[in-house]
Every structure is written in structure tokens, then in C-alpha cells.
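Notes for the structure review
Now for the letters of each chain:
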Amino acid sequence: MAESSHAHYNWNEYIDLCERLVARVGMSGWQFDCVLCLARGGMRPGDFFSRIYNKPLAVLSTSSYREAAGTVQGELDIARYITGVSDLQGKLLLVDDLCDSGMTIRKVVEHLKRNYPKITEIRVAVIWTKACSVFKPDYCVVHFNDSPWIHQPFECYDDLGIENHLSLIHISEPTRPY
């Protein structure tokens, strides 16, 4: 990545951003019928929407950051099936963590319009939008005037592996509730 700036977020900041994203949609007054998140980045903010709005969470797996340890965007792969709901219809809120280049969300919106004719409207909610994005989401919490590499709090688990995880965690017996 040519961009040298970085933006780091801890868990408390991340949770605050997810809550603020839900609030942005809520303050707009827009009512949606379905919540669809993009895996993996949209799953955590999507869960906030699902719980706060008491709606099922549909999940669509997409992948384009598979090269160079997940730092280089390649060809977009959109899963054939969506999990979590039997049918997408009506007003759909599409949730992801960020609009980086914007190409993933743009292609997913095109895919949804082409393959799910019962969807009447799609709006997009993301935590972050970078300056280089070709897609402008309907709802965003942070818009960068540049395109930093965003470090999210759960990245510490990337490439950790189960052996390393087990060496960091001491578990002798299952924890009992209080």
C-alpha cells in the first residue's frame, strides 16, 4: 500500500463507532426491513443493528483482500448464498466496516439489485470511508481526507493460530457462572 498513514482503534473506540453508526441511521428516520452485513468486516457493526432494531442479521461473505497477508486487494469473490434470512426483500440496510476503494460495496449493491428483485431500496452504512473510495455510503461515522491503513482491535487474532492462542490463555476447568 502506497499510503503511509495509519489509524489505530482500540475496543472501546470501536464499540463507540458501532453505536454511533446505529445512531446515524436512527436519527435519519429511515426504516429498513432487512439488515445484511458483509463478512467479515461488517459482522460486528451488523450485530449492533440486528440487536438494537430487533431484526434478523443476514450475512453475505465477500473477499478481495487475500493477497500479501490481506493487505492487497484482488478480484472480488461474492458468495453464492446469503445466510440468516430466507428472502431479502423491501428496504435493505447493507452494513460493512469501511469503504476502502469502494469497489466491494459497489459490486455487492449491483449483485443484490440483479439477483434479489424483491429488494426495493438499498442503503449502505459503514464506520469508515477513505478519500480514495469510489462509493459514497448513505451513512458513515468517520470520513478520512486521506486513505490510511485502518487497524481494528481484533486484528491481533489475524494469523495467531490456535497453538499461539492456547499458549497465551490459561484454562484449567470450564468457567462456572456466578
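Here, the structure is the one placed above.
The sections below set out a description of the structure shown in this document. (Residues numbered from 1 in each chain as written. Predicted model: local features only at pLDDT ≥ 70, side-chain atom pairs only at ≥ 80, totals over all residues. Heavy atoms only, no water.)

**Comments concerning the environment of Val 142**
Note that Val 142 resides in strand β7 (residues 139–143). It is 6.2 Å that separates the C-alpha atoms of Val 142 and Ile 127, two residues lying 15 residues apart in sequence. Sequence-distant contacts of Val 142, defined by excluding residues within four places in its chain, comprise Tyr 9, Leu 17, Ile 127, Trp 128 and Thr 129. (Helix = DSSP H or I, 4+ residues; strand = E, 2+ residues; numbered from the N terminus. Contact = heavy atoms within 4.5 Å.)

**Remarks on the environment of Leu 60**
Within the secondary structure, Leu 60 is located in strand β3 (residues 57–63). Each C-alpha atom of the pair Leu 60 and Arg 40 lies 8.8 Å from the other, and the pair is 20 residues apart in sequence.

**Description of the environment of Trp 128**
When you line up the elements, Trp 128 lands in strand β6 (residues 119–129). On a C-alpha basis, the gap between Trp 128 and Asp 100 in space is 8.1 Å, while along the polypeptide they are 28 residues apart.

**Things to note about the packing of helix α1 (residues 11–28) against helix α2 (residues 43–53)**
In contact at an axis separation of 10 Å, α1 and α2 are set at 50° when each is read in the N-to-C sense. The pairing of α1 with α2 is recorded here as oblique in orientation. In this structure, the crossing between α1 and α2 has a hand that is right-handed. Taking contact as the criterion, the partners of Trp 11, Tyr 14, Ile 15, Cys 18, Glu 19, Leu 21, Val 22, Val 25 and Gly 26 in α1 are, on α2, Arg 44, Pro 45, Phe 48, Phe 49, Ile 52 and Tyr 53. Each residue belonging to the contact of α1 with α2 can be placed in one class, and the counts come to 12 nonpolar, 1 polar and 2 charged. (Axes fitted to C-alpha atoms, helices over the stretch in contact; angles between N-to-C directions. Parallel < 35°, antiparallel > 145°, perpendicular 65-115°, else oblique. Left-handed = near helix turned anticlockwise from the far one by under 90°. Nonpolar A, V, L, I, M, F, W, Y, C, P; charged D, E, K, R; others polar.)

**A few points about the state of the cysteines**
Following the criterion strictly, the structure yields 0 disulfides and no others. Between Cys 132, a cysteine without a disulfide, and Cys 99, which holds the nearest cysteine sulfur, the sulfur-to-sulfur distance is 9.8 Å. What makes Cys 132 partly exposed here is its relative accessible area of 39%. (Disulfide = S-S within 2.5 Å. Buried < 20%, exposed > 50% of the residue type's maximum accessible area, 1.4 Å probe, protein only.)

**Comments concerning the pairing of strand β2 (residues 34–39)**
Among the 6 residues of β2, 6 are classified as buried, and the element is accordingly described as predominantly covered. Across the two faces of β2 the burial is the same, with Cys 34, Leu 36 and Leu 38 and Val 35, Cys 37 and Ala 39 all buried. Note: β2 against strand β5 (residues 90–99), 4 bridges, orientation parallel. Bridge pairing links Leu 36 to Leu 94 in β5. Each parallel crossover has a hand, and for β2 linked through α2 to β3 it is right-handed. (Pairing = 2+ DSSP bridges. Right-handed = clockwise from strand over helix to strand, strands pointing away.)

**What about the pattern of salt bridges?**
Counting across every chain of the model gives 5 salt bridges. With a shortest N-O distance of 3.4 Å, Lys 130 and Asp 100 are connected by a salt bridge. With Lys 130 in the loop between β6 and β7 and Asp 100 in the loop between β5 and α3 (103–115), this pair connects stretches of sequence that are 30 residues apart. A residue is classified by how much of its surface remains accessible, and Asp 100, at 15% relative accessible area, is buried. (Salt bridge = Lys/Arg side-chain N within 4 Å of Asp/Glu carboxyl O.)

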